[in-house]
Amino acid sequence: MLKFKIHFLFTTTLLVFLTLQLKGQGLPFTELYSKSDYNGGIQNWDFTESSSGLMYVANSGGLLEYDGENWSVFPMPNKTIVRTACVDQDEKIWVGAQREFGYYKADESGELIYTSLVEKLINIDPDISEIWNLTNYKGAIYFRTSNYIYKLENNELNFWKASGRFMYLKSIDNQIFTYDTGRGLLHFDNKEERLLAQIPEKSGLMMGLIKFKNDILIATEKGDLYLFADKKLTQFRTNQEIFLEKNRISAIQPLSENKFALATYQGGVLIFNENGELIQRIDKQSGLQSNNIYSLYTDKKGNLLAGTNAGIEYLMVNNPYSFSYPDGQLEGGGYKILKKGDIFFFATSNGLYALNEDEIYPQNSYRLIENTKGQTYDIVEVEGKIMLGHHEGAKILNQSKYTYAENFASFRGAWTFVEFSENGSFLIAGSYDGLHLFEKQNDKWIYIKQYADFNESCRILVREDKNTLWMAHPYKGFFRLTFSNNYQDLDYQYFGKETEIITENFNYILTFGNKILFSTAKGLFEFDPIEKRFKEYTALNSYFEKKGRFSSLVEGKSGEIWYVKENEIGVLEPIENRGGKIYQKRILNFLRGKIISGFDFIYPLDSNITAFGTEKGFVYFNKNKLNNSIPNTLIRSVTILAFNDSTTNNKKIGDHYIPKEVKLDAKQNDIKFEFAVIQFSNQDPKEYSWLLEGYDQNWSEWQSKSNKEYSNLKPGNYTFKIRGRLSSKPNEFSEDQYSFTISPPWYRSNFAYFIYTILIFSVIAIIIILPRKKYHKEKEHLEFQYRKKEEINQKNVELAQNELNRLKQEKLQSELDFKNKELASNTLHLLHKGEILEKIKSDIHSIIEVSEEQEKNRLLKKLHRLIDQEGKLDEDWDNFTQHFDQVNGDFLKRLRDTFPNITTKDQKLCAFLKMNLTSKEIAQLLNISVRGVEVSRYRLRKKLELEQETNLTEFLMDF
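Please read all numbers here as calculations on a predicted model, not as lab measurements. (Residues numbered from 1 in each chain as written. Predicted model: local features only at pLDDT ≥ 70, side-chain atom pairs only at ≥ 80, totals over all residues. Heavy atoms only, no water.)

Visitor: How should the overall build of the protein chain be read in this particular structure?
Guide: Secondary structure assignment for the protein chain yields 12 helices and 66 strands. In the protein chain, 50% of the contacts between residues at least 6 apart in sequence involve partners at least 24 apart. For the protein chain, the accessible area works out to roughly 47500 Å², and carbon and sulfur atoms hold 47% of it. (Helix = DSSP H or I, 4+ residues; strand = E, 2+ residues; numbered from the N terminus. Contact = heavy atoms within 4.5 Å. Areas by Shrake-Rupley, 256 points an atom, 1.4 Å probe, with all protein chains shown as cover.)

In structure tokens form, the structure reads like this:
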């Protein structure tokens, strides 16, 4: 991990930004990156940036890349010095080196791969040595050797040969400029070159040129500057020409607001305004590690990178923070600033220093006020006199030239002073051991006394009214001090730990507007003199997540509120709102840990610049130099970690430029991500928050760690998201992401699942389907056997049933035949009886006719009547037919209907045949012979019209 060094420039400057509305700001902070930081060579010749903000450096050890977190080195194939580099519109990094020329470009895996094109140049210049300059112009690459300038466009190479030596090459506003020692300043237009001007030989070689107020400003080696305007070359004068001639110019770079910077070989970096007046000199005395500057570059944020003998120095000239050390290399703490007339006074831990505001170059102009060495806690002006709260006691400056501080009291350790002028001229001083009274007599301050019975250390004093003073003791609480009208007597009320708001530490009193506020670890409070108790002050609560102690509250020139709350330093800036005055908070994390605890000093110099007393001098914040852009956050590398496989090494699947989607094997499930906020400076701490979709549930807490490892990730789709921000802008961040898929192991692949499916179905077939099939087969066989048995049983049942029915039928038929026979017999018996009776009646009738005996005849007639009553043959036959038809389905009725010509005698014969009586039985019933029955059968067949082969009995049985 990079170890960087922030070097506070060892100088003493404040004048420029405290005069004429603060033309400057103090000196810039710098960061040094030594060769041990970037692991390259000591010399750095050129700088360039990619569109995403990555910084590339042409180094003697190769091409350097810096992403804000880590350095990478890309040596040239021939291991030579890289002199120049530039990035084109396709993100190719072009490099020129000793006898080497080409470009780096990321391949599909994200690795930077070098392509050499030097052979194209050797064909033109076999003795080619160094490529000194590269520039990208309208999609073409121009580059310079001492003898040639080349143009590479669409793989076509054009060139121009120098008449002397080409010494410089640069593109400005769609123009290409170079310097030929044989001709002068040249301009290239398409394939033509045009002479612009000749630089005087006395000025030496041209070392650079920049756009300057729509013209061209040229810097020469021997310190002369020239302005090319209106096709004329005129000298541009500065107030440092002797210095520049002595130390030699090595480079020139433009800065904001028409300022420009000159690098020198021996004198560091000088910054000038548009009039050629020196604003700042940044050299070894003021913090640089080397005065030998070989190259200079203005980055996209307006700050400077300098290639020096010590490495790479980052000069934050366009940063909102700058500083001054009035006590020089002592770097003492800054307590307070006071301006008196045309002199500025700086109270520090090493004494009181003064600076005249008419000083132009103030590094060596601070002077120590005599008799002030040591802790100078406070400086105040009281009725025209300047008084010091000093470790040695109360001091007062002589008024002639402010060169000496006189002791005007014998007590030791003065903190501060409070003036009371309503009842005379009185001054109360807070000291290490209590309060002391001074009175002005005959225009001189006279020490009167120390107040008895009050020996607390009185560092924090705030006046309430003409007789009342508040004192805060950080560890004990608050004291309300009341003085008599002549200030000779003192009474006080103590609010200690029994008071609800008092805490064991951090008890302060602040003035804010016209209010006196009491700050403890429990928050801000006001004192109600009527109720004599403290009430919470809530006006600022909504801007802070939780309550806590404030050690400073200062209202600025534009209504802003500067504050120090515990470890947080910031400002509440007013914004327009129809509903009333509201603020937005800006946290100044750069100042965290730098403010002197308990001696918080905030001094708004104007609406833009505010001074802070710090543990090392004074720091100045210029809000006009705030950069509101959000730096890019990039995933810089993705590494497969070899945690679970001792036979392999870690493998990077992406570096520098990360491919956005990758498919990994199942074993590649231990992954490390490295990321960076792309900002060259580390002055503003960088913070990160991450989320792995598919694994993490929530975003991580913000932290400074710039890498994240995941192990034993399950197969699936993932997207790693990273957010980066600067700690000074907690609500603004940028984001990058990387998607990847971890494939399942072979035994969980789609093909494996296919095989598993087949196997499962096979097992199912074996375990379930085949037994089921066998079962069904056996079932079918059993069902077949069952059906067969059922059929047999059914047939047997049917046969049995048929047999039973047959038997029943036979029985019924037999019973029917028996009944019919019985019926016929009874009927014939009755018929026979009737015939006998008829015969008897006939015989009786014959007897009556021949007998003459009346009595006998009467009896016979009576017998005749009796026989008439009993003998009714027709009725007996009718009863027979009715009964017979009921038993045989209306046989006789159907027979009569079918054969209407048959007689009653024929019907009787049919009935007897239907009854299956034999001819003999029928003969007996009909009282005829068997032969007579046969004759009657014959006659009946004819009446029934039966064929000869038709059996009469069967016919009648079926009828």
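Right, picking up where we left off after that structure.
Visitor: What am I meant to see in the nonpolar core here?
Guide: Nonpolar side chains in soluble globular proteins generally cluster together in the buried interior. If you look at the biggest cluster of nonpolar residues, it comprises 47 residues, and the most contacted ones within it are Trp-71, Ile-312, Phe-612 and Phe-680. Tyr-56, Ala-58, Val-87 and Phe-673 belong to the second largest nonpolar core, which has 39 residues in total. (Core = buried A, V, L, I, M, F, W, Y, C linked by side-chain atoms within 4.5 Å. Buried < 20%, exposed > 50% of the residue type's maximum accessible area, 1.4 Å probe, protein only.)

Visitor: Can you walk me through the packing of aromatic side chains in this structure?
Guide: What characterises a pair of aromatic rings is the spacing of the ring centres plus the angle enclosed by the ring planes. Evaluation of the coordinates by the stated rule reveals 91 aromatic pairs. Aromatic pair Phe-74 and Tyr-104: ring centres 5.6 Å apart, planes at 55°, arrangement tilted. Here Tyr-104 lies in strand β10 (residues 100-106) and Phe-74 lies in strand β7 (residues 71-74), a separation of 30 residues in the sequence. When its relative accessible area of 11% is taken as the criterion, Phe-74 is described as buried. Relative to Phe-527, the ring of Phe-495 lies with its centre 5.5 Å away and its plane at 65°, an arrangement referred to as edge-to-face. (Phe/Tyr/Trp six-rings, centres within 6.5 Å; stacked < 30°, edge-to-face > 60°.)

Visitor: Would you take a moment to explain the environment of Leu-27 for this structure?
Guide: Its place among the elements puts Leu-27 in strand β2 (residues 27-28). Spatially, the C-alpha atom of Leu-27 lies 9.5 Å from that of Gly-287, the residues being 260 residues apart in sequence.

Visitor: Just to check I follow, could you spell out the environment of Glu-130 for this structure?
Guide: Looking at the element boundaries, Glu-130 is found in the loop between α3 (118-122) and β12 (133-137). Look at Glu-130 and you get buried, because its relative accessible area is 11%. As a C-alpha pair, Glu-130 and Glu-100 span 30 residues in sequence and 7.5 Å in three-dimensional space. The contact partners of Glu-130, leaving out residues within four places of it in the chain, are Arg-83, Ala-97, Gln-98, Arg-99, Arg-144 and Thr-145.

Visitor: Mind showing me how you'd approach the UniProt feature "transmembrane region" (unreviewed entry) in the protein chain here?
Guide: Per the UniProt record, "transmembrane region" (unreviewed entry) is found at residues 751-770. Strand forms 0% of residues 751-770 and helix 100%; the C-alpha atoms that close the span are 26 Å apart. (UniProt positions renumbered as here; feature names shortened; annotations may be inferred.)

Visitor: I'm lost on the pattern of salt bridges in this one. Help?
Guide: If the charged atoms of two oppositely charged side chains come close together, the side chains can form a pair. A full pass over the atoms with the stated rule returns 31 salt bridges. Of the charged contacts, one joins Lys-340 and Glu-381 as a salt bridge, the two residues approaching to 2.6 Å between their closest N and O atoms. Of this pair, Lys-340 sits in strand β32 (residues 334-340) while Glu-381 is found in strand β36 (residues 376-382), placing the two residues 41 residues apart along the sequence. Under the relative-accessibility criterion, Glu-381 is labelled partly exposed at 37%. A salt bridge links Lys-515 to Glu-526, with the shortest nitrogen-to-oxygen separation between them at 3.3 Å. Of this pair, Lys-515 sits in strand β49 (residues 515-520) while Glu-526 sits in strand β50 (residues 523-528), placing them 11 residues apart in sequence. (Salt bridge = Lys/Arg side-chain N within 4 Å of Asp/Glu carboxyl O.)

Visitor: Even after reading the chapter, I still don't get the layout of surface pockets, so can you show me in this structure?
Guide: Any empty space left between atoms is shown by rolling a water-sized probe over those atoms. Space inside the largest pocket adds up to approximately 1300 Å³. Along its surface, the largest pocket is lined by 49 residues, and Asp-46, Asn-133, Tyr-168, Leu-169 and Gln-253 are the ones closest to its centre. Among the elements of the structure, β4 (44-49), β8 (82-87), β12, β16 (166-171), β20 (206-212), β24 (249-254) and β28 (293-298) are those that each provide at least two residues to the lining of the largest pocket. At 6 residues, β16 tops the list of elements feeding residues into the lining of the largest pocket. A volume near 1000 Å³ is recorded for the second largest pocket. Elements with a minimum of two residues in the lining of the second largest pocket: β32, β36, β40 (414-420), β44 (460-465), β48 (508-512) and β52 (550-555). (1 Å grid on protein atoms, 1.4 Å probe; cavity = no way out; pocket = protein on both sides within 12 Å on 5 of 7 lines; lining within 4 Å. Points joined across faces, edges and corners; volume = space filled by probe spheres on them.)

Visitor: I'm lost on the sheet that holds strand β11 (residues 112-116) in this one. Help?
Guide: Pairing between sheet strands relies on hydrogen bonds along the backbone, with the strands arranged either parallel or antiparallel. Pairing is antiparallel in the open sheet, where 4 strands are placed in the order β8-β9-β10-β11. Whereas interior strands pair on both sides, the edge strands pair on one side only; in this sheet they are β8 and β11. Each strand of the sheet is rotated relative to its neighbour by a mean of 25°, with strand direction disregarded. Two elements, β8 and strand β9 (residues 93-97), share 5 bridges in a ladder whose sense is antiparallel. For Ala-85, the partnering residue across the bridge sits in β9 and is Val-95. (Pairing = 2+ DSSP bridges. Axes fitted to C-alpha atoms, helices over the stretch in contact; angles between N-to-C directions.)

Visitor: Looking at this structure, I do not really get the packing of helix α10 (residues 919-926) against helix α11 (residues 930-944). What am I missing?
Guide: Think of two packed helices as two axes; the pair is described by the angle between the axes and how far apart they sit. Following both chains from N to C, one finds α10 and α11 inclined at 100°, their axes separated by 8 Å at the closest point. Relative to α11, the element α10 is oriented roughly perpendicular. Contacts between α10 and α11 involve Ser-919, Lys-920, Ile-922 and Ala-923 from the former and Val-930, Val-933, Glu-934 and Arg-937 from the latter. (Parallel < 35°, antiparallel > 145°, perpendicular 65-115°, else oblique.)

Visitor: Looking at this model, I keep getting lost on unusual backbone geometry. Mind explaining?
Guide: Leaving glycine aside, a negative phi is the common case for residues, and trans is the common case for peptide bonds. The residue Lys-79 is not glycine, and still its phi comes out positive at about 60°. With respect to the helices and strands, Lys-79 occurs in the loop between β7 and β8. One non-glycine residue with positive phi stands out, namely Asn-174, at about 60°. Along the polypeptide, Asn-174 turns up in the loop between β16 and β17 (176-180). Asn-174 sits in the exposed class, given a relative accessible area of 54%.

Visitor: Would you mind going over a nonpolar patch on the surface with me for this structure?
Guide: Among the surface-exposed residues, Trp-746, Tyr-747, Phe-751, Tyr-753, Phe-754, Ile-755, Tyr-756, Ile-758, Leu-759 and Ile-760 lie close enough to one another that they form a single nonpolar patch of about 1100 Å² accessible area. By the secondary structure assignment, Leu-759 is in helix α5 (residues 750-850). (Patch = residues over 30% accessible without salt bridge, like charges linked within 9 Å, V, L, I, M, F, W, Y side chains within 5 Å.)

Visitor: Honestly, the sheet that holds β36 in this entry has me stumped. Any pointers?
Guide: Taken in spatial order, the 4 strands make up an open sheet running β36-β37-β38-β39, and their pairing is antiparallel. Edge positions in the sheet fall to β36 and β39 (405-407), since each has one partner strand and no second. The mean inter-strand angle of the sheet, taken between neighbouring strand axes irrespective of direction, is 30°.

Visitor: Looking at this model, I keep getting lost on the side chain of Lys-721. Mind explaining?
Guide: Relative to the helices and strands, Lys-721 is located in strand β65 (residues 716-726). Take Lys-721: its relative accessible area is 17%, and that puts it in the buried class. Only 2.8 Å separates the side chain of Lys-721 from the side chain of Glu-693, close enough to count as a polar contact. Discounting residues that sit within four places of it in the chain, Lys-721 has contacts with Ser-689, Trp-690, Leu-691, Glu-693, Trp-699, Glu-735, Asp-736 and Gln-737. (Polar contact = N/O pair within 3.5 Å; in protein donor to acceptor, adjacent residues only side chain to side chain.)

Visitor: Honestly, helix α8 (residues 891-898) in this entry has me stumped. Any pointers?
Guide: Helical geometry: 3.6 residues make up each α-helical turn, so side chains three or four residues apart lie on a common side. Burial in α8 covers these residues: Phe-891, Leu-892 and Leu-895. Across the axial projection of α8, the buried residues extend over an arc of 90°, all falling on one side. (Arc of directions from axis to C-beta.)

Visitor: Got a minute to help me understand the packing of α8 against helix α9 (residues 904-914) in this structure?
Guide: Packing of α8 against α9 brings their axes to within 11 Å, and their N-to-C directions diverge by 130°. Taken together, the axes of α8 and α9 are oblique relative to one another. Relative to α9, α8 is oriented so that their crossing is right-handed. Mapping the contact onto sequence places Phe-891, Leu-892, Leu-895 and Arg-896 in α8 and Gln-907, Cys-910, Ala-911 and Lys-914 in α9. Taken together, the residues of the contact of α8 with α9 sort by class into 5 nonpolar, 1 polar and 2 charged. (Left-handed = near helix turned anticlockwise from the far one by under 90°. Nonpolar A, V, L, I, M, F, W, Y, C, P; charged D, E, K, R; others polar.)

Visitor: Help me out: how do you make sense of the pairing of strand β47 (residues 490-495) in this one?
Guide: Pairing analysis gives 6 bridges linking strand β46 (residues 477-483) to β47, with the strands arranged antiparallel. For Thr-482, the partnering residue across the bridge sits in β47 and is Asp-491. In textbook terms, the turn of a hairpin is the stretch between consecutive antiparallel strands, and for β46 and β47 this stretch comprises 6 residues, one of which, Tyr-487, has a positive phi near 65°.

Visitor: Help me out: how do you make sense of the environment of Phe-601 in this one?
Guide: Residue position: Phe-601 is located in the loop between β55 (582-587) and β56 (602-604). Owing to a relative accessible area of 10%, Phe-601 belongs among the buried residues under this scheme. Setting aside residues no more than four positions away along its own chain, Phe-601 makes contact with Tyr-335, Lys-336, Ile-337, Ala-611, Phe-612, Gly-613 and Phe-618.

Visitor: Explanation requested: α9 in the structure shown.
Guide: A large share of α9 lies buried, amounting to 9 of its 11 residues. Those residues of α9 not exposed but buried are Asp-906, Gln-907, Lys-908, Leu-909, Cys-910, Ala-911, Phe-912, Leu-913 and Lys-914.

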